[in-house]
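# Analysis of the macromolecular model
Chain by chain, the residues:
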Amino acid sequence: MANDFINMTLEEIKNGYHFDTVKNCYICNICGKEFGIGEIFQSGNRFFNADRMINIHVTEEHPDLLELLTSYNKKYTGITDNQKEILEMMYQSMTDNEIAKKTGVAAATIRHQRFVFREKAKQAKLYLAIYELALRGLDKGRIRAESTDEIIDIHEGARMIDDRYMVTKAEEDKILEAMFTSLSPLKLKVISSKEKKKIVILKKISQQFERNKHYSEKEVNGILKQIHEDFATLRRYLIEYGFMERTNDCKEYWLK
């Protein structure tokens, strides 16, 4: 989900929803619920149009928006666990002395951390302006979004980001063509030992599972058996490379 924020404005991220011009509707960033323009929605005993209802939805269904945003992996937020704790207490309007007492540090330390937050925000704004100007240059006479040189998104569960994940769209297509005999239905030739190929393969296989759905080990095996006979290795790799998670007793599996 965090990857989707790249196409949103800062206000859309803070509000918890964005407007889709193609669908002509407001969409919740958290759960994906849609509120179409021209429709009327009921909340309690009152009725609202789409722009009012999306605000009501986010406020009532996702009141802890700060907590949700800070729950994303550090590689997206750049925030440590300690910083997250302080930010949450700032959100609760706690004073420096109150935060210091609760965290067990000096109030001067909290004041310094506030200064660090402010400087980091200034850097982020300037970086965003520079980045968007650079993209504006790419838009002049060149297709950006469909470019085969564009690096594909790294899945959110990736444990360690390195060169294995630097895969272009063209490279991904080439690997998929070489490693699968069929993409629909999905049929894998061989489980590659090459890390870059393995990640592309696992990403494709993970797409056979539904988000927000829990599977038994038997159900996971059933899906993987149709892709390759060594389903146990595929299941283990999906966990090891952070595409899926499971309970300690291995009774339930789900996409990370």
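Because the structure is a prediction, the values reported are computed rather than measured.

### Quick look at a nonpolar patch on the surface
- Together, Ile6, Tyr127, Leu128 and Tyr131 give the surface a local cluster of nonpolar side chains, amounting to about 420 Å² of exposed area.
- By the element assignment, Leu128 lies in helix α7 (residues 107–139).

### Notes on the pattern of salt bridges
- As enumerated under the stated definition, the model contains ten salt bridges in all.
- Its salt-bridge partner being Lys14, residue Glu11 comes within 3.1 Å of it at the nearest N-O pair. Separated by three residues within a single helix, Glu11 and Lys14 lie in helix α1 (residues 10–15), roughly one turn from each other.
- Across the salt bridge formed by Glu245 and Lys256, the nearest N and O atoms sit 3.9 Å from each other. On the criterion of sequence distance, the pair formed by Glu245 in strand β8 (residues 244–246) and Lys256 in the segment after β9 (253–255) is long-range, its members being eleven residues apart.
- Relative accessible area serves as the criterion here: at 32%, Glu245 is assigned to the partly exposed category.

### Quick look at the environment of Glu98
- Inspection of the secondary structure puts Glu98 in helix α6 (residues 96–103).
- Taking relative accessible area as the criterion, Glu98 reaches 42% and is therefore assigned partly exposed.
- Placed twelve residues apart in sequence, Glu98 and Ile110 show a C-alpha to C-alpha distance of 9.8 Å.

### Comments concerning the confidence of the model for the chain
- Averaged over every residue, the pLDDT of the chain is 87; residues scoring 70 or more account for 89%.
- Taken element by element, the chain is modelled with least confidence in helix α4 (residues 74–77), mean pLDDT 80, and with most confidence in helix α10 (residues 217–225), mean pLDDT 96.

Definitions and limits used
- For every chain, the first residue of the written sequence is number 1, and numbering continues from 1 onward in sequence order.
- At least 70 in pLDDT is required for a residue's local features to be given in this predicted model, at least 80 for side-chain atom pairs to be given and counted, and no such filter applies to totals for whole chains, interfaces and linings, which use all residues.
- As a convention, hydrogens and water are excluded, and side-chain values are obtained from all of the structure's heavy atoms.
- Nonpolar side chains (Val, Leu, Ile, Met, Phe, Trp, Tyr) are joined into patches within 5 Å and like charges within 9 Å, using only residues with over 30% relative accessible area and no salt bridge.
- Note on areas: Shrake-Rupley with a 1.4 Å probe; residue coverage comes only from the protein chains shown.
- For salt bridges, the criterion is a side-chain nitrogen of Lys or Arg within 4 Å of an Asp or Glu carboxyl oxygen.
- Strands are runs of DSSP state E lasting at least two residues, helices are runs of H or I lasting at least four, and both sets are numbered from the N terminus onward.
- With a 1.4 Å probe rolled over the protein chains alone, any residue whose accessible area is under 20% of its type maximum counts as buried; one over 50% counts as exposed, and the rest are partly exposed.
- pLDDT measures how confident the predictor is about each residue, on a scale from 0 to 100.

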